[in-house]
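# Examination of the molecular architecture
Below, each chain spelled out in residue letters.
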Amino acid sequence: MRESVTNFYFDYIQPLLKNRKSLIGLIILLIYILMATVGAAVVPLDMNSNFAERYQKPSLKHPFGTDYFGVDIFQQIVHGSRSVISLTMLASLLAVLIGAVVGVARGYLEGFVGKIIDTIIMVFLVIPSFPALLILAAIFMDKDLNLFQIALLVAIWLWAPLAKQISAQVLSIKNKEFIEASRILNMPLNYILFSDIIKLLIPYIFINFVMQIKGAMEFSVGLMFLGLAKFDPTHWGIMLNYALYQAGALYTAKGFHYVFFVVLNIVLLIYGGVLLSQGIEEIFNPRLRGNE
Amino acid sequence: MNYFISRLLYLLVVFIVAVSGIFVLVNNMPGDPAYGLAVSIAQQRNMPIDQALEIARNIMGIDPDESLLTRYVKFMANLLRGNLGYSAYYTTSVNDIISTSLPWTIFVISLATFFSFIVGIFLGAFAAQKRGTVIEWIISTLSSIIQAVPPFILAVLILFTFSVSLRVLPLGGAYPVDVKPSFSFKFISSIFLHALGPMLATAIPQIASWTLAMRGNTSQIMEEDFIRFAEIRGLRDTVIARKYVRNNAVLPLVASLAIGVGYMLGGHTLVESIFNYPGIGFYFSKAIAARDFGLLSGLFTLIVIGVIAATFIADFVYALIDPRVKLK
């Protein structure tokens, strides 16, 4: 057991800490995870409007200033990070799970059933995700969706490219010698599937989980920004919607910091995900390494 | 040739399944497309909403008792004749709306994509050649940061910076209302001025992704054995860079260029509605808001046709430019 833990450290964790991009990406993501867990427990949230303090500039009392209603922006960002991060992580996880299951199934099932799965994957590839997501969100708009349901709505439009890649991977693994050997040794099919193929796919799935973060963030923030899913008033997408359209913060010079800090946090969190996935790509493909 | 026929048939099946799925989704959206018109009729003529709703449905040609299946059969039959349906909100055929809006979308997308492809190829190759220098660090870091900005946020920022604060760009439309379309300098320059915002919002994220892709491809190819061999043969660096590295690095990107243009049709929805630019994405978001099921299904069908055509062209282009890919 101890050996497998240290192996895991040397195989997966250590390279991540050694590559500069993945290290910075990890640090950014960890800061936001800390914000969502510890921060949200420590920082109070007072959503009562206080017009006397409207559009205060950033100060010690209000690190990100206050919004149109005089509510502290930092508090909202901290509490919003909980739904932003849980929604993003859950949507990425679901997308990767669906993609992996469908992809492995396609890799294993040949013939007519395989062709049908191929067609399903292709259909999801040719339907443009964001417009489809908008319609799907409109269908469920009146129902109060929970976190899992919104994440699923997002994940439905993210899994297909991954499924296609994984099915290609499985098909190529299937024809390798060691699988052939397992077959000749008369090992049961399930054993071959779960031990050999899954083992090879784990790093692949891990990379893709990180890569999905960008898409899942963009989709969920976009959904909230358009006001198509009501979930949590401090979700950054909803904050951005308030800032731009309800409060019209960019029409007055005083409101600039309101939009700025919301956008900054959205971009920084996605940037963390982008850096981490670039770092992982470099680790697995050393030729890509640039300026270290 | 056989490969193309079977590929075409397969894509046709994919198209039918995709369009049917979209049709069911769209027609399951809550809300009554006649409601908006009914409210204004009820206010104008001072009558109860039920009565007004009936009149509105008559005007818009909506039969509430028609089953989903009948509507589906009608939709597919129309599609077969090249008729993408009828917009109840704009009370005109979807084909008419497309013929006025699609040119604007294609204008913006193609120009933005062409420009960003050229710039991205240049920047990516440049960064790869300057590996390990500050220049490479700046180019890749900037590209990564741009990649982290969701496109619709970029569009909003461009709109507020250039149209609201600085007032150098117009607030919406494809050309000013008081200018008549003609081949005058005034009209053509106003077209470019109005398209500039949407073009920037489309081009900037693309420049970043082409740059990163080109940098990655170039770095990989520079490590290949045949590059070493070319160096040993004593070829000049510029020849190696142009003929051996750049050509091989651009090749895979040309194929994704075709697919990219196809997907842009769908991805352009938010950009156009943020800039109020009258392309198909603008009408798409209007159709969602007005619950115009006919227009929605029609536009969605058009976008899917675009993506499928792009996929097919990409296959073809790839086979054409890369001798290693032989068509079965």
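Scope of this entry: the structure provided in the associated data block.

### Things to note about the interface of chain B and chain A
- Tallying the contact residues gives 54 residues for chain B and 46 residues for chain A.
- Three residues stand out in chain B for area buried against chain A, namely Tyr10(B), Phe152(B) and Phe160(B), and they jointly supply 14% of the buried area on that side.
- Taken together, the connections running from chain B to chain A amount to 0 salt bridges.
- Summed over the shared surface of chain B and chain A, the result is 4 residue pairs in polar contact (both at pLDDT 80 or more).
- Those elements giving two or more residues to the side of chain B that touches chain A turn out to be helix H1 (2-27), helix H6 (134-147), helix H7 (151-165), helix H8 (185-222), helix H10 (237-267), helix H11 (269-275), helix H12 (280-290) and helix H13 (293-321) of chain B.
- By residue number, the principal contributor to the side of chain B that touches chain A is H1(B), which donates 10 residues.

### As for the pattern of salt bridges
- In total, this model carries 5 salt bridges over all chains according to the counting rule given.
- Measuring nitrogen to oxygen at the nearest pair gives 2.9 Å for the salt bridge that ties Lys21(A) to Glu282(A). With Lys21(A) in helix H2 (residues 20-42) and Glu282(A) in helix H11 (residues 256-284), this residue pair connects regions lying 261 residues apart in the sequence. One exposure class covers both Lys21(A) and Glu282(A), and it is buried.
- With its nearest N and O atoms 2.9 Å apart, the salt bridge here joins Arg131(B) to Glu223(B). Pair noted here: Arg131(B) is in the loop between helix H5 (94-129) and H6 and Glu223(B) is in the loop between H8 and helix H9 (225-232), with a separation of 92 residues, a long-range link.

### A short note on the nonpolar core
- If you look at the biggest cluster of nonpolar residues, it comprises 146 residues, and the most contacted ones within it are Ile135(A), Trp236(A), Leu240(A) and Ile266(A).
- Here this core gets 14 residues from one element, more than from any other, and that element is H11(A).
- Setting aside its immediate chain neighbours within four residues, Ile135(A) contacts Leu25(B), Val26(B), Met29(B), Phe284(B), Ile288(B), Leu296(B) and Phe300(B).
- Core analysis: the next-biggest nonpolar cluster, separate from the first, contains 13 residues, Phe117(B), Ile121(B), Trp210(B) and Met214(B) among them.

Criteria and thresholds
Residues numbered from 1 in each chain as written. Chains lettered and ligands numbered in written order. Predicted model: local features only at pLDDT ≥ 70, side-chain atom pairs only at ≥ 80, totals over all residues. Heavy atoms only, no water. Contact = heavy atoms within 4.5 Å. Buried area = accessible area lost by both parts, 1.4 Å probe. Salt bridge = Lys/Arg side-chain N within 4 Å of Asp/Glu carboxyl O. Polar contact = N/O pair within 3.5 Å; in protein donor to acceptor, adjacent residues only side chain to side chain. Helix = DSSP H or I, 4+ residues; strand = E, 2+ residues; numbered from the N terminus. Buried < 20%, exposed > 50% of the residue type's maximum accessible area, 1.4 Å probe, protein only. Core = buried A, V, L, I, M, F, W, Y, C linked by side-chain atoms within 4.5 Å.

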